[in-house]
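# Chains, contacts and geometry: an overview
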Amino acid sequence: MHARALAVEGAFEFTPKVFPDDRGSFVSPHQHRAFVEAVGRPLFPVTQTNVSTSRRGVLRGVHYTLTPPGTAKYTCCVRGKAIDIVVDIRVGSPTYGRWDSSVLNGVSYRSLYLPVGVGHAFVALEDETMMTYLLSEPYEPDHELAVDPLDPALGLPIPADIEPIMSQRDLAAPTLAEAAAAGLLPDYATCREIESGLSLPAG
């Protein structure tokens, strides 16, 4: 497993080794030891797993959770291909306003760890792209918020040959500046405090 720190503080990319043979392949997208060595603590207790399937051009996000309670995520693409994007929307963060991305697909099984309070988006590059998510908190509709992924101030890496397919919720989302002015964004110190409490017993 190779770990890489992303440009957003606290976010990491993990690339596992894939073992192919004449039957198919085997891979471990999450590995406890590699995660602890990179992040400094075990993965959060998983309270919910989600799976989404998207056709080419679907753009989901930028989504985030009201903090507290806040939510950390571990994402992986198990079929198709997507640009997975993490956006630092934590007010007071040393990397506030920055984003980083990684191409995830069902060949490399690369994964991203998204700490509490950051925004998450992805754009599907192929039909039937399937993304999986491990969540530290169960989904609560009233806690879910969004920032406009097409905000020019963010400049997210949406390919020029893709016409984004978005939900009405995402189309109506405020820009980062509007969300900040309305007091809707997470506080970095609060996010870090919640983040420090996420752990599983070593094993």
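These numbers were taken from a predicted model, which means no experiment stands behind them. Residue numbers here run from 1 along each chain, matching the order of that chain's written sequence. Local features are withheld for residues below a pLDDT of 70 in this predicted model, meaning they are given only at 70 or higher, and side-chain atom pairs are given and counted only at 80 or more; totals for whole chains, interfaces and linings count all residues. Values reported for side chains reflect all heavy atoms of the structure, with hydrogen atoms and water molecules removed beforehand.

## Quick look at the sheet that holds strand 5 (residues 48–54)
In plain terms, the rule: Paired strands, as defined in this entry, are two strands with at least two bridges between them according to DSSP. Elements are defined by DSSP. Helices are runs of H or I of four residues or more, strands are runs of E of two residues or more, and each kind is numbered from the N terminus. Convention adopted: a line fitted to C-alpha atoms gives each axis, helices being fitted over their contacting stretch, and angles between N-to-C directions are expressed from 0 to 180 degrees. Any two residues whose heavy atoms approach within 4.5 Å are treated as being in contact.
Sheet architecture is open: 6 strands sit in the order 1-2-10-7-12-5, paired in antiparallel fashion. If you trace the sheet from one side to the other, it starts and ends with strand 1 (2–5) and strand 5, each paired once. If you compare each strand with its neighbour and ignore which way they point, the axes differ by 20° on average. In the sheet, strand 7 (residues 73–79) pairs with strand 10 (residues 111–114) via 4 bridges, with the strands oriented antiparallel. The residue bridging Thr 75 from the neighbouring strand is Leu 112, located in strand 10. Here helix 1 (residues 32–39) sits on the sheet in contact with strand 1, strand 2 (12–15), strand 7 and strand 10, set at roughly 150° to strand 2.

## Quick notes on the sheet that holds strand 8 (residues 81–87)
Taken together, the 5 strands give an open sheet; going across it, the order is 9-8-11-6-13, and neighbouring strands pair in antiparallel fashion. Strands with a single pairing partner mark the edges of an open sheet, and in this sheet they are strand 9 (99–105) and strand 13 (144–146). With direction set aside, neighbouring strand axes in the sheet form an average angle of 30°. As judged from the 6 bridges shared by strand 8 and strand 11 (residues 119–124), these two strands associate in the antiparallel manner. Looking at strand 11, one finds that Val 87 is bridged to Gly 119.

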